[in-house]
Amino acid sequence: MIAVPVPVKRLFDWKVRGVRCVEIIGVVCVAALVFSVYIAKAAAARESAEISRIESEIRENRQRVRLLRAEATRLEQPARLEALSREIGLGPVDVRRQAVEAGLPAIAPPPVVAAAPAPVAVAPAAPAAEPVVEGSLH
């Protein structure tokens, strides 16, 4: 048998209402451990719920992106655009209608800039003199 020091033996033998002190400490430690595991599990469940919510948002956004890309592809179809332009009377530009650089002022004359009014110089006003009243504190 191992020799146990007297203070340690006294601690293991000490009883409170018929229950050894070491057993009480052990039960308290186990209860604290169970409580901490419960708290950690609840936090992990909250994080898992948040992750699944974010993943579902990502899936929804990906679906929206696919739908928008399909809509853009449909709207940009050359045959559709050509049919729309013919409906409103547009057509391809004739090669003879191209302008050269020298003829640009005749097509769109340069804009006329309105002259801004000249700033008027204002002389500074002379400071008004305060009337001096006897008995006033200045």
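For the structure, check the block above.
Residues numbered from 1 in each chain as written. Predicted model: local features only at pLDDT ≥ 70, side-chain atom pairs only at ≥ 80, totals over all residues. Heavy atoms only, no water.

## A few points about the overall build of the protein chain
When its secondary structure is counted, the protein chain shows four helices and two strands. Looking at the 138 residues of the protein chain, the share that counts as buried comes to 1%. For the protein chain, the accessible area works out to roughly 13,600 Å², and carbon and sulfur atoms hold 66% of it. (Helix = DSSP H or I, 4+ residues; strand = E, 2+ residues; numbered from the N terminus. Buried < 20%, exposed > 50% of the residue type's maximum accessible area, 1.4 Å probe, protein only. Areas by Shrake-Rupley, 256 points an atom, 1.4 Å probe, with all protein chains shown as cover.)

## Structural notes on the pattern of salt bridges
Applying the stated criterion across every chain, the model contains five salt bridges. Salt-bridge contacts for Arg 64 lead to Glu 60; the nearest nitrogen and oxygen are separated by 4.0 Å. Taken together, the positions of Arg 64 and Glu 60, both in helix α2 (residues 21-75) and four residues apart, correspond to about one turn of that helix. Residue Arg 64 is classed as partly exposed on the basis of its relative accessible area, which comes to 48%. (Salt bridge = Lys/Arg side-chain N within 4 Å of Asp/Glu carboxyl O.)

## With respect to a nonpolar patch on the surface
Judged by side-chain polarity, Val 8, Leu 11, Phe 12, Trp 14, Val 16, Val 19, Ile 24 and Val 28 come together as a nonpolar surface patch covering roughly 670 Å² of accessible area. At the level of secondary structure, the elements contributing two or more residues to the nonpolar patch comprise α1 (6-13) and α2. Ranked by residues supplied to the nonpolar patch, first place goes to α1 with three residues. Within the secondary structure, Val 8 sits in helix α1. (Patch = residues over 30% accessible without salt bridge, like charges linked within 9 Å, V, L, I, M, F, W, Y side chains within 5 Å.)

## Notes on the environment of Pro 92
The topology assignment puts Pro 92 in the loop between α3 (78-87) and α4 (104-107). Put simply, Pro 92 and Glu 82 are 10 residues apart on the chain and 9.7 Å apart in space, counted from C-alpha to C-alpha.

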